[in-house]
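Coordinate inspection notes
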Amino acid sequence: MEVENMNSNSLQKLNGEICIICDLKKSTGIHLYTSFICVDCEKEMTNTQTSDPKYQYYLEKLRRVKNPPLYS
Ligand SMILES: [Zn+2]
């Protein structure tokens, strides 16, 4: 019934992980604690100034990684 799922099927073949920043499945990236950050976002973060509002966005995402609600 879902003919258009052919795309997601081929995506699943990639040995990738879900990036916590962009929520996309990428095959290359770094691991931070138990989470995964793709190379694109990692590069993006490195190039972002701390004064940039975007940086806060990244921090927000990373905070969730560093403080998993499960282990409070
Ligand atoms: Zn990413």
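How each quantity is defined
- Residues numbered from 1 in each chain as written.
- Predicted model: local features only at pLDDT ≥ 70, side-chain atom pairs only at ≥ 80, totals over all residues.
- Heavy atoms only, no water.
- Donors = N, O, S within 2.8 Å, 3.2 Å for Na, K, Ca; no water.
- Tetrahedral: all angles 85-135°; square planar, octahedral: opposite > 155°, others 65-115°.
- Helix = DSSP H or I, 4+ residues; strand = E, 2+ residues; numbered from the N terminus.
- Buried < 20%, exposed > 50% of the residue type's maximum accessible area, 1.4 Å probe, protein only.
- Pairing = 2+ DSSP bridges.

The name given to the protein chain in an unreviewed UniProt entry is Sigma factor G inhibitor Gin, with Metabacillus sediminilitoris as the source organism.

A separate point is the coordination of the zinc ion. Looking at the metal site, the zinc ion is ligated by C19 (SG), C22 (SG), C38 (SG) and C41 (SG), spaced 2.3 Å from it. Viewed at the metal, the four donor atoms of the zinc ion are separated by angles of 103 to 117°, and the geometry they form is tetrahedral. When the donor residues of the zinc ion are listed from N- to C-terminus, their spacing reads C-x2-C-x15-C-x2-C. Remark: C41 occurs in helix α2 (residues 39–47) and C22 occurs in the loop between β1 (17–18) and β2 (25–26); sequence separation between them is 19 residues. Classification of C22 by relative accessible area gives partly exposed; the value is 26%. Here C41 falls in the buried class, since its relative accessible area comes to 9%.

Turning next to the pairing of strand β3 (residues 29–32). Sheet topology note: the β3/strand β4 (residues 35–38) ladder contains four bridges and is antiparallel. Bridge pairing links I30 to I37 in β4. In this structure, the hairpin formed by β3 and β4 is closed by a connection of two residues, where Y33 is found at a positive phi of approximately 55°.

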